[in-house]
Amino acid sequence: MTRVVNVLRRPCTGPAVWAGPDLADSDEWVLRLSPAQIDGLEVTLRAVRTRGLPLLKTTADDFPLPTLAGELERIADILENGRGFVLVKRIPVEPYSLAEAGAIFWGVGRHLGVPVSQNASGHMLGHSRDTGRSLADPGTRGYQTRARLPFHTDGSDALGLLYLRAARAGAQTSVVSSAAVYNAVLARRCGRPCGRDATCRPTSGEIRRAPAAVPIAAGLPPAT
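Sequence order sets the numbering: in each chain, residues are counted from 1 along the sequence as written. Local features in this predicted model are restricted to residues of pLDDT 70 or higher, and side-chain atom pairs are both shown and tallied only at a pLDDT of 80 or more, whereas totals for entire chains, interfaces and linings draw on every residue. Excluded from the side-chain calculations are hydrogens and water; all other atoms, namely the structure's heavy atoms, are used.

## Here's the deal with the side chain of Gln-37
(1) Moving on: Each helix corresponds to a stretch of at least 4 residues labelled H or I by DSSP, and each strand to a stretch of at least 2 residues labelled E; elements are numbered beginning at the N terminus. Within the secondary structure, Gln-37 sits in helix H3 (residues 35–51).
(2) Moving on: Of the polar contacts made by the side chain of Gln-37, one reaches the backbone nitrogen of Ser-34; its length is 2.9 Å.
(3) Moving on: Two residues qualify as a contact provided that any one of their heavy atoms is within 4.5 Å of a heavy atom in the partner residue. Each residue touching Gln-37, except ones within four places of it in the same chain, is listed here: Arg-32, Thr-67, Leu-68 and Glu-71. Contacts described as polar in this section are N or O atom pairs within 3.5 Å, which, within protein, must combine one atom able to donate a hydrogen with one able to accept it, while residues neighboring in sequence count only if both atoms come from side chains.

## A short note on the environment of Gly-139
(1) Moving on: Tracing the backbone shows Gly-139 in the loop between helix H5 (98–110) and strand S3 (173–176).
(2) Moving on: Put simply, Gly-139 and Asn-119 are 20 residues apart on the chain and 8.7 Å apart in space, counted from C-alpha to C-alpha.
(3) Moving on: Beyond its immediate sequence surroundings of up to four residues, Gly-139 is in contact with Arg-133 and Gln-144.

## Re a nonpolar patch on the surface
(1) Moving on: On the surface, Leu-55, Leu-56 and Leu-125 cluster together into a nonpolar patch covering about 230 Å² of accessible area.
(2) Moving on: For Leu-125, the location among the structural elements is in the loop between H5 and S3.
(3) Moving on: Working definition: with a 1.4 Å probe on protein chains only, accessible area under 20% of the residue-type maximum means buried, over 50% means exposed, and in between means partly exposed. By relative accessible area, which is 30% here, Leu-125 ends up partly exposed. Any residue with relative accessible area above 30% and no salt bridge may belong to a patch, with like charges joined within 9 Å and the nonpolar Val, Leu, Ile, Met, Phe, Trp and Tyr side chains within 5 Å. We get accessible surface area from the Shrake-Rupley algorithm with a probe of 1.4 Å; when it comes to residues, only the shown protein chains can shield them. Basic side-chain nitrogens of Lys or Arg form a salt bridge, by our definition, when they fall within 4 Å of a carboxyl oxygen of Asp or Glu.

## Digging into the pattern of salt bridges
(1) Moving on: Scanning the model with the defined rule gives eight salt bridges in all.
(2) Moving on: In this structure, the salt-bridge partner of Arg-51 is Asp-62, at a minimum N-O distance of 3.7 Å. Of this pair, Arg-51 sits in helix H3 while Asp-62 sits in the loop between H3 and helix H4 (69–81); the two residues are eleven residues apart in sequence, bridging distant segments of the chain.
(3) Moving on: Here Asp-62 falls in the buried class, since its relative accessible area comes to 18%.
(4) Moving on: Here Arg-141 makes a salt bridge to Asp-154, at a shortest N to O gap of 3.4 Å. One end of the pair, Arg-141, is in the loop between H5 and S3; the other, Asp-154, is in the loop between H5 and S3, with 13 residues separating them in the sequence.

## Some words on the nonpolar core
(1) Moving on: Formed by 14 residues in total, the largest nonpolar core has its most connected members in Leu-41, Leu-65, Leu-68, Leu-72, Ile-104 and Val-108.
(2) Moving on: At the level of elements, H3, H4 and H5 are the ones that each hand at least two residues to this core.
(3) Moving on: Working definition of a nonpolar core: buried Ala, Val, Leu, Ile, Met, Phe, Trp, Tyr and Cys residues. They are joined through side-chain atoms within 4.5 Å. Formed by six residues, the second largest nonpolar core is a distinct cluster that contains Trp-18, Leu-23, Phe-85 and Leu-87.

## Focus: unusual backbone geometry
(1) Moving on: Although it is not a glycine, Arg-90 sits at a positive phi angle of roughly 80°.
(2) Moving on: Tracing the backbone shows Arg-90 in the loop between strand S2 (87–89) and H5.

## Points about the packing of aromatic side chains
(1) Moving on: Any pair of Phe, Tyr and Trp rings, taking the six-membered ring for Trp, is counted once the centres come within 6.5 Å. Such a pair is stacked with planes under 30 degrees apart, edge-to-face with planes over 60 apart, and tilted for the rest. By the definition in use, this model includes two aromatic pairs.
(2) Moving on: Measuring from ring centre to ring centre gives 5.2 Å for Trp-18 and Phe-85, while their planes differ by 55°; the resulting arrangement is tilted. Pair noted here: Trp-18 is in the loop between helix H1 (4–8) and helix H2 (20–23) and Phe-85 is in the loop between H4 and S2, with a separation of 67 residues, a long-range link. Take Trp-18 and Phe-85: they sit in the same class, and that class is buried.
(3) Moving on: Relative to Phe-85, the ring of Trp-29 lies with its centre 5.6 Å away and its plane at 50°, an arrangement referred to as tilted. Highlighted residues: Trp-29 in the loop between H2 and strand S1 (30–32) and Phe-85 in the loop between H4 and S2, separated in sequence by 56 residues. The residues Trp-29 and Phe-85 share a single accessibility class, namely buried.
(4) Moving on: Through a chain of ring-to-ring contacts, three or more aromatic side chains come together here, namely Trp-18, Trp-29 and Phe-85.

## Thoughts on the environment of Pro-66
(1) Moving on: Tracing the backbone through its elements, the reader meets Pro-66 in the loop between H3 and H4.
(2) Moving on: Exposure remark for Pro-66: the relative accessible area of 69% places this residue in the exposed category.
(3) Moving on: Spatially, the C-alpha atoms of Pro-66 and Gln-37 are 8.4 Å apart, while their sequence positions differ by 29 residues.

## Points about the confidence of the model for the protein
(1) Moving on: Looking at the protein as a whole, the pLDDT averages 81, with 82% of positions reaching at least 70.
(2) Moving on: Here residues 193–224 is modelled with pLDDT under 50, and outside its nearest four sequence neighbours on either side it reaches 79 contacts, counting other chains as well. Per-residue confidence from the predictor is reported as pLDDT, which spans 0 to 100.

## A closer look at the environment of Pro-35
(1) Moving on: Locating Pro-35 in the fold gives a position in helix H3.
(2) Moving on: On a C-alpha basis, the gap between Pro-35 and Arg-90 in space is 9.2 Å, while along the polypeptide they are 55 residues apart.

As structure tokens, then:
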């Protein structure tokens, strides 16, 4: 019988283990919507608005996206079994109101999963902006402040962000491979190489600890 501790000491492998520098010069993680796909969003949005469907009751069936269906299936697989993130560009938010942009975001998201509330108030769809609140208040979420947030995970299987407008300053979003982080921690704790796909890549022999700074994050450019 395999002991749990032995399983936990196994480095992660596969496409979920990546390093930022390995992806910096690649656009395989970027989806640029085609004119036909953008038109499909517009047509479906208008149909939903005409029917007067409440946002929280709108399902994937209510928001059909035939020109995007194949790509959304591919994205869902990447999120579940691949590198774990995708950047979608060219969603035309400028012509729409906040409510309409939110409806597009919600509709696309319903094709990728089941929405869950993200704060104590039960909000299913929120806005990331400086509201003047402070993290000193335990009831405040990081996205309600102007504070720089460290790498973290949220209480869901996937997280989506839709950029509505450029920030005056800052607001850079970065992602990190949790599998690569796991391997780096494993190498540091066990004194073993964490594999070529992680960021601690020994040149020879056995390493005793991972480097103090592990470049496994990838900064995302503004969505254009």
